[in-house]
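Coordinates in review
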Amino acid sequence: MSQFPDFQLRLESLHRLILSLAGLPDARTAAAACCALIAADFGDAGVALVRHDPGRAGDVILADYPSGLGLDGGVRAETISAASISQAGVAIELLAWRSDGDRRFGAVERQLLTALVIDMVGFADRIERAAEPIASSPLDEETGLWRLSPFIDQIERRLDRLDVEDRAGSMLAFGWVRSDGLGKVEANAAVVRASVECLRDMLRPTDLLGRVGPTRIAAWCDGIDHLIGAERADRITAKLQLLLAETGRQVAVGIATRWPQSGDDPSNLLIRARAGLERARLAAATAGKPAIRVWQGDAREGV
């Protein structure tokens, strides 16, 4: 029995929900739904079911939430995991992770993963037996945005043209932070979905939107520098804050600009925008209002 009073209630609830999905014919879909349920219970977290096999090269992601984010260390700050190891040395691992700046995982969440990994082993076995190819949709099922890898690929295809036209482009990274002092989630699926709809309304049809974390959204905008990007971000945050009224949350935006002929690639630009975002989140939490920060490593930023 856990020393934490809410552990047993949360465990029983998650166990029942996972058990209710065990009868679904598509094991991969069922496992992904289980990952989503665990992520919702943990709050602003990503969850993945992973197979480690000594006879194979690399790990295999059997199911995850948000789908397609993978396990790239560039999007993860803290990771906790629990594993069930077979006699053959195959490990089925249940992993939970959060983005930079988000709340730390607590002891209850660590205990829950340890208890729930046993429930997930059956899904892993069924997925392996089915030997079906992993779905390759480029879009995140929950938001309809580009998944991380296709998002980066789509930006990459535009950079040569921007260089030829001698035009800049900017990456805007959006996140949320609580400024009410409460230890609740920074954002949840409902906040993310509502904000995505707002972003679609306010950005140009040619701008790209991608989900780059459980509660992180990024936009790539051709032809704008950090100054225009900051003006645009200011209008967007004003609209987003209307959605967050009375929730104790603030919007934060980080901006990184790519200059023509710089050779900067989309992955580095996203890292820089996320670094600006974390500075913005700190400022928003301190001041209790939205914040926008341009990546400080850009010598031409001027903001």
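Predicted model only: the values in this text are computed from it and were never measured.

**Digging into the overall build of the protein chain**
Across its full length, the protein chain carries 7 helices and 9 strands. Of all 303 residues assigned to the protein chain, the portion counted as buried reaches 50%. Contacts in the protein chain between residues far apart in sequence, at least 24 positions, make up 71% of those at least 6 positions apart. In the form shown here, the protein chain has an accessible surface area of approximately 13,700 Å², with 54% of it arising from carbon and sulfur atoms.

**Here we look at the sheet that holds strand S7 (residues 216–222)**
Across the sheet, 5 strands lie side by side as S6-S7-S5-S8-S9; this open sheet has mixed pairing. Both edges of this open sheet fall to strand S6 (208–213) and strand S9 (291–294), since each of them pairs with a single strand only. Between one strand axis and the next, the sheet turns through 25° on average, direction left out of account. With 4 bridges joining them, strand S8 (residues 249–258) and S9 adopt parallel strand pairing. Following the sheet pairing, Val253 is matched in S9 by Ile292. Of the strands in this sheet, strand S5 (169–178), S6, S7 and S8 touch helix H4 (residues 148–164), which is tilted by about 15° from S7. Helix H6 (residues 226–243) rests against S5, S7, S8 and S9 of the sheet, and its axis sits at about 160° to S8.

**A word on the nonpolar core**
By size, the foremost hydrophobic cluster in this structure holds 35 residues, and its most contacted members are Ile38, Phe42, Leu49, Leu94, Leu116, Met120 and Phe123. For this core, the secondary structure elements donating two or more residues are helix H1 (7–21), helix H2 (27–42), strand S1 (46–52), strand S2 (60–65), strand S3 (78–85), strand S4 (91–98) and helix H3 (107–130). Here Phe42 is in contact with Arg10, Ala96, Arg98, Arg103, Phe105, Glu109, Leu112, Leu113 and Val185, once residues within four sequence places are set aside.

**Things to note about the side chain of Arg10**
Positionally, Arg10 belongs in helix H1. Since its relative accessible area comes to 19%, Arg10 is described here as buried. When neighbours within four sequence positions are excluded, Arg10 is seen to be in contact with Asp41, Phe42, Val108, Glu109 and Leu112.

**Digging into the packing of aromatic side chains**
Evaluation of the coordinates by the stated rule reveals 1 aromatic pair. Ring geometry for Phe42 against Phe105: centres 6.2 Å apart, planes inclined by 65°, an arrangement best described as edge-to-face. You can see Phe42 sitting in helix H2 and its partner Phe105 sitting in the loop between S4 and H3, a full 63 residues away along the chain. We note that Phe42, like Phe105, is buried.

**Remarks on unusual backbone geometry**
Residues Tyr65 and Pro66 are joined by a peptide bond in cis, for which omega reads -10°. Look at Asp44: it is not a glycine, yet its phi comes out positive at around 40°. Secondary-structure assignment places Asp44 in the loop between H2 and S1. Look at Glu246: it is not a glycine, yet its phi comes out positive at around 70°. Mapping Glu246 onto the fold places it in the loop between H6 and S8.

**Let's talk about the pattern of salt bridges**
According to the stated counting rule, one finds 24 salt bridges in the structure shown. The salt bridge partner of Arg98 is Glu109, with a shortest N-O separation of 3.3 Å. Residue Arg98 is found in strand S4, and its partner Glu109 is found in helix H3; the two are separated by 11 residues along the sequence. By relative accessible area, Arg98 is classed as buried at 1%. Taking the shortest distance from any N to any O, the salt bridge between Asp207 and Arg204 comes out at 2.7 Å. Each member of the salt-bridge network shares a partner with another, and the members are Asp102, Glu186, Arg216, Glu278 and Arg281.

**Quick look at the sheet that holds S4**
Pairing within the open sheet is antiparallel, and its 4 strands lie in the order S2-S1-S4-S3. Both edges of this open sheet fall to S2 and S3, since each of them pairs with a single strand only. When the angles between neighbouring strand axes are averaged without regard to direction, this sheet yields 20°. Both S3 and S4 contribute to a ladder of 8 bridges, which runs antiparallel. Pairing of Thr79 across the sheet is with Trp97, part of S4. Along the sheet, H2 contacts S1, S2 and S4; its crossing angle with S2, the most-contacted strand, is approximately 50°.

Scoring rules and cut-offs
Residues numbered from 1 in each chain as written. Predicted model: local features only at pLDDT ≥ 70, side-chain atom pairs only at ≥ 80, totals over all residues. Heavy atoms only, no water. Helix = DSSP H or I, 4+ residues; strand = E, 2+ residues; numbered from the N terminus. Buried < 20%, exposed > 50% of the residue type's maximum accessible area, 1.4 Å probe, protein only. Contact = heavy atoms within 4.5 Å. Areas by Shrake-Rupley, 256 points an atom, 1.4 Å probe, with all protein chains shown as cover. Pairing = 2+ DSSP bridges. Axes fitted to C-alpha atoms, helices over the stretch in contact; angles between N-to-C directions. Core = buried A, V, L, I, M, F, W, Y, C linked by side-chain atoms within 4.5 Å. Phe/Tyr/Trp six-rings, centres within 6.5 Å; stacked < 30°, edge-to-face > 60°. Salt bridge = Lys/Arg side-chain N within 4 Å of Asp/Glu carboxyl O.

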